[in-house]
Amino acid sequence: MISSKEAAEWGSAIMVFASGAMAGHYASLGMTPVQWAGAAAAVLGSVTVAVVIRIWPAKAPAGNPSRRD
């Protein structure tokens, strides 16, 4: 069974691929500088989401708090 973390990782990877592919496709057709900026923002945003999903710290278990004595 796929966990929610694995689904998020795969989903973010697909988002990076899709935004990069669409930006490349429309770049080959010709884009204005404003469209280039939007495409770059979309690709960088999707890469940022993918990185954050992979490095975000896991939640600490709630049942066993650690104490210093």
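Refer to the preceding data block for the structure.
What counts and how
Residues numbered from 1 in each chain as written. Predicted model: local features only at pLDDT ≥ 70, side-chain atom pairs only at ≥ 80, totals over all residues. Heavy atoms only, no water. Helix = DSSP H or I, 4+ residues; strand = E, 2+ residues; numbered from the N terminus. Expected span 1.5 Å × (residues − 1). Contact = heavy atoms within 4.5 Å. Axes fitted to C-alpha atoms, helices over the stretch in contact; angles between N-to-C directions. Parallel < 35°, antiparallel > 145°, perpendicular 65-115°, else oblique. Left-handed = near helix turned anticlockwise from the far one by under 90°. Nonpolar A, V, L, I, M, F, W, Y, C, P; charged D, E, K, R; others polar. Buried < 20%, exposed > 50% of the residue type's maximum accessible area, 1.4 Å probe, protein only. Salt bridge = Lys/Arg side-chain N within 4 Å of Asp/Glu carboxyl O. Polar contact = N/O pair within 3.5 Å; in protein donor to acceptor, adjacent residues only side chain to side chain.

(A) Main features of helix α1 (residues 4-29). Relative to the 38 Å expected for 26 residues at 1.5 Å per residue, α1 spans 37 Å between its end C-alpha atoms, a close match to the ideal helical length. Where α1 is buried, its residues meet α2 (33-55). At the C-terminal side of α1, G30 shows a positive phi close to 110 degrees.

(B) Region of the structure containing the packing of α1 against α2. As a packed pair, α1 and α2 sit with axes 9 Å apart at the nearest point and diverge in direction by 165 degrees. Compared by their axis directions, α1 and α2 come out roughly antiparallel. Considering only the axes of α1 and α2, their crossing is left-handed. Of α2, the residues touching α1 (which contributes K5, A8, E9, S12, A13, M15, V16, S19, G20, A23 and A27) are W36, A39, A42, V43, S46, V47, V49, A50, I53 and R54. In terms of residue class, the contact of α1 with α2 is built from 14 nonpolar, four polar and three charged.

(C) Quick peek at α2. The terminal C-alpha atoms of α2 lie 33 Å apart, and with 23 residues this matches the ideal 33 Å at 1.5 Å per residue to within 8%. Of all the residues in α2, the buried ones are A39, S46 and A50. Contacts made by the buried residues of α2 are with α1.

(D) Local environment of the pattern of salt bridges. In this structure the tally under the stated criterion is one salt bridge. For K5, the salt bridge goes to E9, with nearest N and O atoms at 3.3 Å. Within this pair, K5 and its partner E9 are both found in helix α1, separated by four residues, close to a single helical turn.

(E) Geometry of the side chain of S19. Relative to the assigned elements, S19 resides in helix α1. A polar contact is formed between the side chain of S19 and the side chain of S46, at a distance of 2.9 Å. The contacts of S19, once residues within four sequence positions are left out, are A42, V43 and S46.

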